[in-house]
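The residues making up each chain are set out below.
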Amino acid sequence: MKRKLVFITDCVDVAYSEIRGVVYQELQKFQISDDQIIIEPVAKVFPFSIINGSFILRILAESYPAGTVFSVILNPMQKRPERIFGRTTKKDFIFIGANTGVFDWFLKDFRIDKLYELNDPGFLPFGGKYVHAPAATKLAIGETFESMGKIFNQDKLLPLEIKRGTIVHVDNFGLMKFHGSISHLKEGDVVQISVNGFPISAIITTRMMARPTGEWTIYPGSSIGLPELGKVRENGAKLLDAKPGDIIEFIDKKITQSIEA
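Residues numbered from 1 in each chain as written. Predicted model: local features only at pLDDT ≥ 70, side-chain atom pairs only at ≥ 80, totals over all residues. Heavy atoms only, no water.

1. What about the overall build of the protein?
For clarity, the threshold we go by: Numbering of helices and strands starts at the N terminus; helices are DSSP runs of H or I of at least 4 residues and strands are runs of E of at least 2. Residue burial is assigned from relative accessible area. The probe radius is 1.4 Å, only protein chains are included, and a residue is buried under 20% of its type maximum, exposed over 50%, and partly exposed in between. Accessible areas in this description were obtained via Shrake-Rupley with a 1.4 Å probe; residue shielding takes into account the shown protein chains only.
When helices and strands are counted, the protein shows six helices and 15 strands. For the protein, the C-alpha atoms occupy an extent of roughly 70 × 35 × 30 Å along the three principal directions. For the protein, the proportion of its 261 residues judged to be buried stands at 51%. As presented, the protein carries roughly 12800 Å² of accessible surface, and 52% of it is formed by carbon and sulfur atoms.

Laid out in structure tokens, this is it:
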């Protein structure tokens with residue numbers, strides 16, 4: 001069966017080409033045809049952002065087919081964490097990466113079937129290339145978990161707290177997906193918010209593109225039920241210098257006015 005191999009990483013310059021090259025070398029080593037493992041385009045993570053990596057893993061798990069291998073190469077931590085890998089009970093995903101908290105959201109929803117710690121070769125510069133890429137390839141071609149590591153205690157998985165209002169992703173249009181709910185608000189309500197000290201009056205709407213250009217809007221987004229903040233047909237995130245991890249603060253949770261007023 002063909003497997004899809006997805007790299008979720010902030011190594012998105014020539015480093016990603018090196019990672020792909022290592023995968024092809026490993027496939028040749030094991031005499032596996034290139035068309036048996038499909039290396040997907042890089043899933044780009046905002047540099048050093050565990051929150052953004054966590055979101056990207058979670059949203060891709062929603063879309064990719066069962067059996068996909070997710071390799072998360074993202075580690076901004078000062079202390080070197082364990083390298084872990086495993087399998088989920090839901091959709092039979094295989095995952096591998098550093099124990100940074102990046103798997104917390106994903107595993108809460110897709111649940112753990114097996115969890116292992118990768119055999120540790122010690123510190124190597126660019127572990128994503130020299131450790132994670134070969135290991136991800138072996139997992140994709142069916143290497144046994146037992147041959148690659150030892151059982152890892154689930155209680156040692158690092159959690160990741162994402163507070164209400166936290167921006168988890170900013171897309172190329174400057175739209176900001178954030179953690180929270182707007183189910184208590186209705187079409188036309190206006191809320192007062194603040195992002196990076198910048199005060200905003202944003203209107204609640206179901207279709208932001210129907211609103212006037214330049215208007216701040218909050219609306220139901222396209223990603224696993226998360227709302228989004230955006231400036232219609234303008235790059236709002238650039239104006240706010242907003243990035244994953246920033247907080248959208250709701251200053252006045254009451255409705256301050258409505259479109260009918």
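Further notes follow.
2. Things to note about the pattern of salt bridges
Spelled out, the test is: Here, a salt bridge means any Lys or Arg side-chain nitrogen found within 4 Å of an Asp or Glu carboxyl oxygen.
Within the structure shown, the criterion is met by 13 salt bridges. Asp-189 is paired through a salt bridge with Lys-186; the nearest N and O atoms lie 3.2 Å apart. Residue Lys-243 pairs with Asp-246 through a salt bridge whose shortest N-O separation is 3.2 Å. Accessibility expressed as a relative area gives 35% for Lys-243, which makes it partly exposed. Each of Arg-58, Glu-62 and Asp-109 takes part in a single network of salt bridges with overlapping partners.

3. Here's the deal with helix H2 (residues 50-63)
Definition in use: An expected span of 1.5 Å times one less than the residue number is assigned to each helix.
The end-to-end C-alpha separation of H2 is 20 Å, in line with the 20 Å expected for 14 residues at 1.5 Å each. The element H2 is largely enclosed, with a buried count of eleven among its 14 residues. Of all the positions in H2, only Ile-50, Ile-51, Asn-52, Gly-53, Ser-54, Phe-55, Ile-56, Leu-57, Arg-58, Leu-60 and Ala-61 are classed as buried.

4. What about the packing of helix H1 (residues 14-29) against helix H4 (residues 127-141)?
In plain terms, the rule: Here an axis means a line fitted to C-alpha atoms, over the contact stretch when the element is a helix, while the angle between two N-to-C directions is reported on a 0 to 180 degree scale. Small angles under 35 degrees read as roughly parallel and large ones over 145 as roughly antiparallel, with 65 to 115 read as roughly perpendicular and the rest as oblique. Take the far helix as the reference: if the near one is turned anticlockwise from it by less than a right angle, the crossing is left-handed, and if turned clockwise, right-handed. The contact definition used throughout considers only heavy atoms, calling two residues in contact when any of these lie within 4.5 Å.
Interaxial distance between H1 and H4 falls to 9 Å at its minimum, and their mutual angle equals 45°. Taken as axis vectors, H1 and H4 run oblique relative to one another. Here H1 runs over H4; the crossing is right-handed. In this structure, H1 uses Glu-18, Ile-19, Val-22, Val-23, Glu-26 and Leu-27 to contact H4, whose residues at the interface are Gly-128, Lys-129, Ala-133, Pro-134, Thr-137, Lys-138 and Ile-141.

5. Some words on the nonpolar core
Rule in force here: Nonpolar cores are built from buried Ala, Val, Leu, Ile, Met, Phe, Trp, Tyr and Cys residues. Side-chain atoms within 4.5 Å join them into one set.
Core analysis: the largest hydrophobic core is formed by 32 residues, its most contacted members being Ile-8, Leu-60, Phe-70, Phe-103 and Phe-106. Secondary structure elements with two or more residues in this core: strand S1 (3-9), H2, strand S4 (69-73), helix H3 (104-110) and strand S7 (112-118). The leading source of residues in this core is H2, at seven residues. Leave out the neighbours within four places in its chain, and Phe-106 touches Leu-57, Arg-58, Ala-61, Thr-88, Phe-93, Phe-95 and Arg-111. Of all hydrophobic cores here, the second largest spans 24 residues; its members include Val-22, Leu-27, Phe-85 and Ala-133.

6. So, the packing of aromatic side chains
We apply this condition: Only centres within 6.5 Å qualify two rings of Phe, Tyr or Trp (six-membered ring in Trp) as a pair; their planes then separate them into stacked at under 30 degrees, edge-to-face at over 60, and tilted for everything else. Two thresholds decide whether a charge sits over a ring: the Lys NZ or Arg CZ must be within 6 Å of the ring centre and within 35 degrees of the ring normal.
As enumerated under the stated definition, the model contains 14 aromatic pairs in all. When the ring of Phe-85 is compared with that of Tyr-116, the centres are 5.6 Å apart and the planes differ by 20°; the resulting orientation is stacked. Here Phe-85, found in strand S5 (residues 83-88), pairs with Tyr-116, found in strand S7; they are 31 residues apart in sequence, far enough to count as distant. In terms of burial, Phe-85 and Tyr-116 fall into one category: buried. Note on Phe-178 and Phe-250: the rings are 6.2 Å apart at their centroids and 50° apart in plane angle, and the pair reads as tilted. Pair noted here: Phe-178 is in strand S10 (residues 176-178) and Phe-250 is in strand S15 (residues 248-258), with a separation of 72 residues, a long-range link. Look at Phe-250 and you get buried, because its relative accessible area is 11%. Members of the aromatic cluster, each reached through a chain of ring pairs, are Tyr-64, Phe-70, Phe-93, Phe-95, Phe-103, Phe-106 and Phe-110. Its guanidinium or amino end placed over the ring of Phe-110, Lys-90 lies 5.0 Å from that ring's centre, counting from NZ or CZ. The ring of Phe-145 carries Lys-114 above its face, with NZ or CZ at 5.8 Å from the centroid.

7. Quick notes on the pairing of S4
Just so we agree on the cut-off: Pairing between strands requires that DSSP locate at least two bridges from one strand to the other.
Judged by how many residues are buried, S4 sits mostly within the fold: five of five residues are covered. Burial along S4 is two-sided: Val-69, Ser-71 and Ile-73 and Phe-70 and Val-72, pointing in opposite directions, are all buried. Note: S1 against S4, five bridges, orientation parallel. The residue of S4 that forms the bridge with Thr-9 is Ile-73. As defined by bridge partners, S4 adjoins strand S6 (residues 94-98) across four bridges and the pair is classed as parallel. Its bridge partner lying in S6, Ser-71 is registered against Ile-96.

8. Some remarks on the side chain of Asn-52
Rules: Two N or O atoms count as a polar contact when they lie within 3.5 Å, although within protein this holds only if one can serve as hydrogen donor and the other as acceptor, and sequence-adjacent residues are included solely when both atoms are side-chain atoms.
Looking at the secondary structure, you find Asn-52 in helix H2. Here the side chain of Asn-52 touches Phe-46 through a polar contact of 2.7 Å, landing on its backbone nitrogen. A polar contact of 2.8 Å, which involves the side chain of Asn-52, links it to the backbone oxygen of Val-168. Aside from chain neighbours lying at most four places away, what touches Asn-52 is Lys-44, Val-45, Phe-46, Val-168, His-169 and Pro-244.

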